[in-house]
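# Report on the structure
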Amino acid sequence: MTATPAAAAHVPLRLPPEDREFSPFTGWTRAHWEATADGLLTAARRFATPGGALLDLPGRPSRTGVRSDGLEGYARTFLAAAFRVAGARGADPHGFLQQYADGLAAGTRTPGRDDAESWPPVLDHTVYGQPMVESASVALGLRLTRPWLWDRLDDAVRDRAEEWLRGALRHVPAPNNWYLFPLTVGGFLESVGRGDETTRRAVRRGLELLEGWYAGEGWYSDGDGRAFDHYNGWALHLYPLLHARLAGESAESERLGARLRAHLDGFALLFDGNGAPLHFGRSLTYRFAANSAVALGALTGHTPLGPGVSRRLLSGCTRYFLDRGALGRDGVLTLGWHGPHEATLQDYSGPASPYWASKGLLPLLVPEDDPLWTAREEAAPSEGPPRALALPSAGLLIQTGGYGGPVRLHNHGSDHVPPHEGESAHAEDPLYARLAYSTRTGPTASGNVPDNHLAVEVPGPHGTPVRSARLRIRPLGAASEPDGAWGWAASWHTPVFPSGGPMVPGLRVQSVTYVRGGLELRVHRVVGAPPGTRVRLTGWATGEPEEGAAVETAAGAETTAGGLHGLYGWDEETPVLLRAPQGTAFTRWARVPALTGDAEGTALFAALATLTARTVPGAAPPQPPEQARAERESEAEAATKAGAGAALDDLSGAARLLSADAASLAVRWSADGTVTRVAFGADTAEVTTSAAPPPTP
């Protein structure tokens with residue numbers, strides 16, 4: 001469905017009129033993309049130093065300090081300028097490249113000096129290593145704009161730039177996507193005739209590690225372990241495939257491109273009908289960089305998506321953020337999600353960090369006469385009927401609500417816990433530890449009640465109950481019907497308690513999420529629980545949207561509601577509502593439904609959950625026919641297709657418990673009578689669905 005922002009007038013960009021005939025879902029054309037790039041660059045460059053080497057944007061500094069943040073401002077906006085100018089075949093009406101050429105000369109003149117312009121040197125990741133990240137943006141920007149920037153520099157400036165960039169080849173990256181930064185630097189230096197064994201080694205090493213991180217189905221882990229997140233699109237696919245394309249390595253392009261195509265088969269479902277990408281994983285302040293994989297597919301041709309679908313996703317994602325306060329009144333990207341939001345950030349986030357969103361401007365590299373820009377927009381994959389898609393390699397389960405509603409990701413495989421580290425409750429990350437994430441909700445902050453979480457509560461050393469955290473996640477399998485009618489994913493984890501808390505030998509939790517339409521069946525088996533153990537399951541955190549983030553559809557203002565209903569093992573079927581006063585990235589203040597129950601030895605618990613979009617009646621501008629029709633269908637059809645005979649937030653009649661014991665259960669779905677059975681073994685989970693028996697004659 002279309003989202004028309006309540007605060008669109010505050011977006012400080014000069015955009016051309018919408019074209020709803022050509023782009024019925026977003027109204028955007030290539031001209032809107034060019035205007036967005038120009039506006040972002042013009043606003044940010046007002047904070048450049050006199051020589052242009054640093055962009056000292058307003059805001060709190062990152063852990064690496066103000067000078068590194070200034071380099072980050074230069075490098076990340078340079079990437080946006082490179083996409084803008086290279087995509088226009090060198091046309092640069094605003095003179096951006098000369099400004100970045102001047103900054104390159106000034107920043108590399110005396111690296112490390114404490115003056116107004118000098119760049120910090122590239123060092124190991126353990127020693128204020130952020131400049132290594134930025135070296136990749138500088139190198140890629142120079143490679144893309146070579147005829148109009150690099151080739152016109154003085155030899156002395158080129159020599160200084162090479163020497164600074166080579167710092168990325170001589171020092172140690174972080175053990176994850178950072179190894180693609182030396183790859184990008186090495187690839188650039190080779191492309192301008194400055195390669196050697198060091199550059200070739202950097203490229204080889206990056207590609208070798210990438211092979212070890214590939215899990216299958218188009219998904220890479222960000223380093224050793226199981227960190228599956230948005231870094232797939234804006235780093236792990238982007239850098240190596242762009243390098244292969246620019247180097248003319250057709251065989252490597254085909255090999256990596258096939259993985260990108262497989263990735264997009266599932267990833268394209270993770271965009272909401274309102275344009276939002278999934279709120280999951282770290283570095284979410286990069287916002288519309290989340291569309292990088294879609295753009296890369298359109299650029300290289302390695303995509304299962306039609307050009308009208310690709311542009312609908314790309315324009316919808318970028319517009320989603322611009323319409324919801326991502327820019328301050330000065331036109332600068334803020335640190336957060338919609339607007340500023342501290343809990344979304346990491347300690348490496350600084351004032352210029354949001355400009356990694358420049359990667360989201362990658363579509364500008366696609367020529368203006370390409371079908372990406374000439375085809376009419378088509379509906380996003382999530383705007384069709386409800387669908388489930390399992391990704392066994394990553395341990396993830398995608399669930400679309402259908403007809404433009406919320407998209408959910410059920411997490412049974414991504415944890416961001418390095419394999420060489422132990423598990424500490426203090427290190428639990430809300431952006432990875434939850435059972436589920438969506439395009440309409442964000443996880444609650446660390447100090448608040450956790451949403452979508454199964455906590456085991458045991459008596460502490462002094463009698464005070466303590467609740468467990470979920471850290472390392474071990475997948476037990478995942479599958480879905482080819483037609484997307486249902487899907488499931490399962491995992492187990494060891495409950496981890498705060499330092500100084502109890503140690504409970506043999507305690508573990510096995511979990512299954514089964515989805516059909518808009519419904520979720522959550523089943524948890526607690527094994528090895530000592531006497532006095534309690535269990536608490538929470539659902540989706542929802543509340544009133546942030547000011548400026550509320551949107552309107554043809555029917556009125558849109559909000560989100562979650563439901564939770566106990567089926568087995570709980571004290572009560574109806575949840576209590578807990579408060580999360582720090583809210584989420586979507587709401588200043590949130591409520592979280594919760595169920596509780598007793599556990600001793602081995603105990604089974606089951607609940608139904610859902611997440612729906614609500615509409616508050618009110619007037620709003622008309623929608624394109626495709627979207628208005630989808631909205632009308634959604635209310636009438638979604639409940640039936642989801643397996644509920646009534647509204648989806650009324651879960652009491654959606655399914656009936658047939659049987660349950662300490663290791664298994666069976667439920668019958670009210671809509672069509674099908675039966676789902678879940679059974680746990682010591683290290684296994686089995687899920688089956690059978691059709692309803694024929695009626696008795």
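Owing to the predicted nature of the structure, the values given are computational and were not obtained by experimental measurement. (Residues numbered from 1 in each chain as written. Predicted model: local features only at pLDDT ≥ 70, side-chain atom pairs only at ≥ 80, totals over all residues. Heavy atoms only, no water.)

## Overview of the overall build of the protein
Regarding its fold elements, the protein presents 15 helices and 21 strands. In terms of overall size, the protein behaves like a compact globule, its C-alpha atoms giving a radius of gyration of 25 Å where 697 residues would be expected to give roughly 26 Å. Overall, the C-alpha framework of the protein stretches about 85 × 60 × 45 Å when taken along its three principal axes. Expressed as a percentage of the 697 residues in the protein, the buried residues total 62%. Of the contacts formed within the protein by residues at least 6 apart in sequence, a portion of 70% connects residues at least 24 apart. For the protein, the accessible area works out to roughly 24600 Å², and carbon and sulfur atoms hold 52% of it. (Helix = DSSP H or I, 4+ residues; strand = E, 2+ residues; numbered from the N terminus. Rg over C-alpha atoms; globule rule 2.2 N^0.38 Å. Buried < 20%, exposed > 50% of the residue type's maximum accessible area, 1.4 Å probe, protein only. Contact = heavy atoms within 4.5 Å. Areas by Shrake-Rupley, 256 points an atom, 1.4 Å probe, with all protein chains shown as cover.)

## Quick look at helix α7 (residues 180-191)
For α7, built from 12 residues, the straight-helix expectation of 16 Å at 1.5 Å per residue is met to within 8% by its first-to-last C-alpha distance of 16 Å. With 10 of 12 residues buried, α7 is to be regarded as a mostly interior element. Listed as buried for α7 are L180, F181, P182, L183, T184, V185, G186, G187, F188 and L189. Buried residues along α7 sit in contact with α4 (130-144), α5 (155-165), α6 (167-170), α8 (197-213) and α9 (231-246). Just past α7, the residue G193 takes up positive phi, approximately 80°. (Expected span 1.5 Å × (residues − 1).)

## Observations concerning the nonpolar core
Judged by nonpolar contacts, the single largest core of 135 residues is most densely connected at Y74, L104, W119, V138, L142, L361 and L362. Ranked by the residues each element gives to this core, the list is headed by helix α2 (residues 66-87), at 11 residues. Those residues within four positions of Y74 in sequence are excluded, and the remaining contacts are G52, A53, L55, Y100, G103, L104, W119 and V138. Judged by nonpolar contacts, the second largest core, of 24 residues, contains L476, A655, L665 and V667. (Core = buried A, V, L, I, M, F, W, Y, C linked by side-chain atoms within 4.5 Å.)

## A few points about the side chain of Q510
Relative to the assigned elements, Q510 resides in strand β12 (residues 508-516). A distance of 3.3 Å separates the side chain of Q510 from the backbone oxygen of A682, its partner in a polar contact. Among all residues touching Q510, those that are not within four sequence positions of it are S491, W492, V523, H524, R525, V527, F680, G681, A682, D683 and T684. (Polar contact = N/O pair within 3.5 Å; in protein donor to acceptor, adjacent residues only side chain to side chain.)

## Let's talk about the pattern of salt bridges
Using the criterion set out here, one finds 35 salt bridges in the structure. Residue E72 is joined to R76 by a salt bridge in which the shortest nitrogen-to-oxygen separation is 3.2 Å. Of the two residues, E72 and R76 both sit in helix α2, 4 residues apart, roughly one turn of that helix. Here the two residues E72 and R76 agree in accessibility, since each one is buried. A salt bridge links R312 to E383; its shortest N-O distance comes to 2.9 Å. Here R312, found in helix α12 (residues 307-322), pairs with E383, found in the loop between α13 (371-374) and β4 (387-391); they are 71 residues apart in sequence, far enough to count as distant. Across the pair, E383 and R312 agree in class, each one buried. Look at the salt bridges and you will find they share partners, linking D159, E162, R166, R194 and D196 into a network. (Salt bridge = Lys/Arg side-chain N within 4 Å of Asp/Glu carboxyl O.)

## A word on the sheet that holds strand β20 (residues 675-680)
Ordered in space as β18-β19-β20-β21, the 4 strands form an open sheet in which the pairing is antiparallel. The open sheet has two free edges, formed respectively by β18 (655-660) and β21 (685-690), since each of these has just one partner strand. Strand after strand, the sheet turns through a mean of 15° between neighbouring axes, direction not considered. (Pairing = 2+ DSSP bridges. Axes fitted to C-alpha atoms, helices over the stretch in contact; angles between N-to-C directions.)

## What about the environment of L207?
Relative to the assigned elements, L207 resides in helix α8. Judged by its relative accessible area of 18%, L207 falls in the buried class. Residues L207 and A594, spaced 387 residues apart in sequence, show a C-alpha to C-alpha distance of 45 Å.

## A short note on the packing of α2 against helix α3 (residues 96-107)
Put simply, α2 and α3 touch, their axes get as near as 10 Å, and they point 145° apart. In this structure, α2 meets α3 at a crossing whose hand is left-handed. Seen from α2, the contacting residues are Y74, T77, F78, A81 and V85; seen from α3, they are F96, L97, Y100, G103 and L104. Its residues assigned to classes, the contact of α2 with α3 shows 8 nonpolar, 2 polar and no charged. (Left-handed = near helix turned anticlockwise from the far one by under 90°. Nonpolar A, V, L, I, M, F, W, Y, C, P; charged D, E, K, R; others polar.)

## Focus: the side chain of H524
Along the chain, H524 falls in strand β13 (residues 519-538). The class of H524 is buried, set by a relative accessible area of 2%. A polar contact of 2.8 Å, which involves the side chain of H524, links it to the side chain of S511. Apart from residues lying up to four places away in sequence, H524 is in contact with L435, L454, Q510, S511, L537, A603, L604 and F605.

## Some points on the environment of W150
Of note, W150 is situated in the loop between α4 and α5. Taking relative accessible area as the criterion, W150 reaches 3% and is therefore assigned buried. Sequence-distant contacts of W150, that is, excluding residues within four places in its chain, are made with L142, T145, R158, A161, F188, V192 and R194.

## A few points about the packing of aromatic side chains
Counted by the stated rule, this structure contains 25 aromatic pairs. Judged by centre distance (6.0 Å) and plane angle (20°), the rings of Y514 and W669 are stacked. Separated by 155 residues along the polypeptide, Y514 in strand β12 and W669 in strand β19 (residues 664-669) bring together distant segments of the chain. Residue class for W669 comes out buried when judged on its relative accessible area of 1%. Above the face of the Y100 ring, R45 is positioned so that its terminal group lies 4.5 Å from the ring centre. For R474, the ring lying beneath its charged end belongs to W492, and the centroid distance is 4.6 Å. (Phe/Tyr/Trp six-rings, centres within 6.5 Å; stacked < 30°, edge-to-face > 60°. Lys NZ or Arg CZ within 6 Å of the ring centre and 35° of its normal.)

## Quick notes on unusual backbone geometry
Within the chain, R89 stands out as a residue other than glycine whose phi angle is a positive 55°. With respect to the helices and strands, R89 occurs in the loop between α2 and α3. Residue class for R89 comes out exposed when judged on its relative accessible area of 54%. The backbone of E217 sits at a positive phi, close to 55°, despite the residue not being glycine. Inspection of the secondary structure puts E217 in the loop between β2 (214-216) and β3 (219-220).

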